[in-house]
Amino acid sequence: MLKDLCLINSASGDESRVREYIINLIKDYCEYEIDPLGSIIAFKKGKKTPSKKVCFNAHMDEVGFIITDITDEGYLRFSAVGGIDRRVCLDKVVDINGVKGVIGDKAYHLLSDEESKTAPSFDKLLIDIGASSKQEAENVVNIGDFAYFESDFYEFGNGFIKAKALDDRIGCMLLIKLIQSELEYDTYFCFNVQEEVGLRGAKCTSYQVQSDISFIIESTTASDLDGVSGGERVCCVGGGPVVSFMDRRTIYDKELFELAMKTAKENGIPAQTKTAVAGGNDAGAIQTSGKGSRVCAISLPCRYIHSASSVVKKEDIENTEKLLFKLLDKIYD
């Protein structure tokens, strides 16, 4: 399931393909609707109706690119959709409506001393689709089309997975598994659009659901690289699910944070916190929408996030799934 989800191209504002895939997997297990922005709001009937309304959230969109211009020579100009480090773009293969292209810049041999010291800005980069003129390029690509990293999904090393879009197709997969399971209590699930460009989908779904407690299932940046030590590692791949206490958008509910960590410890599930107040996710919109909601973010540690080659570990996915099911037994107490 995760491989299928990651190989689907669906950036912010272009989520229809991943939405269709998810609906096909959940439609026999729950009630659902699609809101005007394109997010899925699902309701799973449990054995009991709780006094608290609980919602699990993941976002469907991934980072990508959008075509902004076509030059007379047939090259494509583009902008990033979501936060992409321009250093990871050079020489990468991209897909635009099934057309392959290469992101390029001047050859290294032609760069000035100053240019060689910095990564080129997006307005200096071009996508080469092998066209020799603007007219030839326009036959296959339009301004406003989305471009995606061309990236295989594969396992390597000791239980590692490399793919694009692990942020946040892992969260989508875990929500699907919860929906397909037999639940003790009625529970809501939101698969949100446009997280990468400002948490837009979550702002809308949270107004509609008005949950008392909201869990955000995400991927988060790990910097456990050679030469990086202590708190600068932020979190470690293989260290288990990451429970956040604060990021740049949210101060998380302290009781839910402590409950998640205590539940992990009681069940022998490795868990960790982020050692940097950085980034953000849909909790930033959900916490302050409508009447407000208590929020808890549980994330997968991910190296090289927002690139063509994000890396996670299978055991972290398995341990996050275990923690979510254990928390379902606790949050209604």
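The following paragraphs examine the structure supplied in this document. Keep in mind that what you see is a predicted model, and the values were worked out from it rather than measured. (Residues numbered from 1 in each chain as written. Predicted model: local features only at pLDDT ≥ 70, side-chain atom pairs only at ≥ 80, totals over all residues. Heavy atoms only, no water.)

1. Remarks on the side chain of Ser12
Line of reasoning, step 1. Its place among the elements puts Ser12 in the loop between helix 1 (2-7) and helix 2 (16-26).
Line of reasoning, step 2. Note on Ser12: relative accessible area 6%, which makes it buried.
Line of reasoning, step 3. In this structure the side chain of Ser12 is engaged in a polar contact, spanning 2.6 Å, whose partner is the side chain of Asp61.
Line of reasoning, step 4. With residues up to four places along the chain from it excluded, the contact list for Ser12 reads Asp61, Glu62, Val81, Phe146, Gln194, Glu196 and Val197. (Helix = DSSP H or I, 4+ residues; strand = E, 2+ residues; numbered from the N terminus. Buried < 20%, exposed > 50% of the residue type's maximum accessible area, 1.4 Å probe, protein only. Polar contact = N/O pair within 3.5 Å; in protein donor to acceptor, adjacent residues only side chain to side chain. Contact = heavy atoms within 4.5 Å.)

2. Here's the deal with the pattern of salt bridges
Should their charged atoms come close, side chains of opposite charge can pair.
Line of reasoning, step 1. One pass over the full model with this rule turns up 20 salt bridges.
Line of reasoning, step 2. Put simply, Asp186 and Lys45 hold a salt bridge, and the shortest N to O gap is 3.2 Å. Taken together, the residues span a long stretch of sequence, with Asp186 in the loop between helix 4 (166-179) and strand 12 (187-192) and Lys45 in the loop between strand 2 (40-44) and strand 3 (54-59) at a distance of 141 residues.
Line of reasoning, step 3. Residue Asp186 is classed as buried on the basis of its relative accessible area, which comes to 8%.
Line of reasoning, step 4. We classify Lys45 as exposed; its relative accessible area is 52%.
Line of reasoning, step 5. Here Lys47 ties to Glu182 by a salt bridge, and the two come within 3.2 Å at their closest N and O atoms. Within this pair, whereas Lys47 is found in the loop between strand 2 and strand 3, its partner Glu182 is found in the loop between helix 4 and strand 12, the two being separated by 135 residues in sequence. Per residue, the accessibility class of Lys47 equals that of Glu182, and both read exposed.
Line of reasoning, step 6. Within this structure, Lys47, Lys48, Glu182 and Glu184 form a network of salt bridges that share partners. (Salt bridge = Lys/Arg side-chain N within 4 Å of Asp/Glu carboxyl O.)

3. Section: empty space enclosed by the protein
Line of reasoning, step 1. Counting across every chain of the model gives two cavities of 30 Å³ or more.
Line of reasoning, step 2. The space that makes up the largest cavity amounts to roughly 80 Å³.
Line of reasoning, step 3. Every residue along the wall of the largest cavity is listed here: Glu62, Val63, Phe149, Lys164, Ala165, Leu166, Asp167, His306, Ser307 and Ser310.
Line of reasoning, step 4. Across the lining of the largest cavity, the residue classes tally to four nonpolar, three polar and three charged.
Line of reasoning, step 5. In this model, the second largest cavity occupies a volume close to 40 Å³.
Line of reasoning, step 6. Its residues assigned to classes, the lining of the second largest cavity shows one nonpolar, six polar and one charged. (1 Å grid on protein atoms, 1.4 Å probe; cavity = no way out; pocket = protein on both sides within 12 Å on 5 of 7 lines; lining within 4 Å. Points joined across faces, edges and corners; volume = space filled by probe spheres on them. Nonpolar A, V, L, I, M, F, W, Y, C, P; charged D, E, K, R; others polar.)

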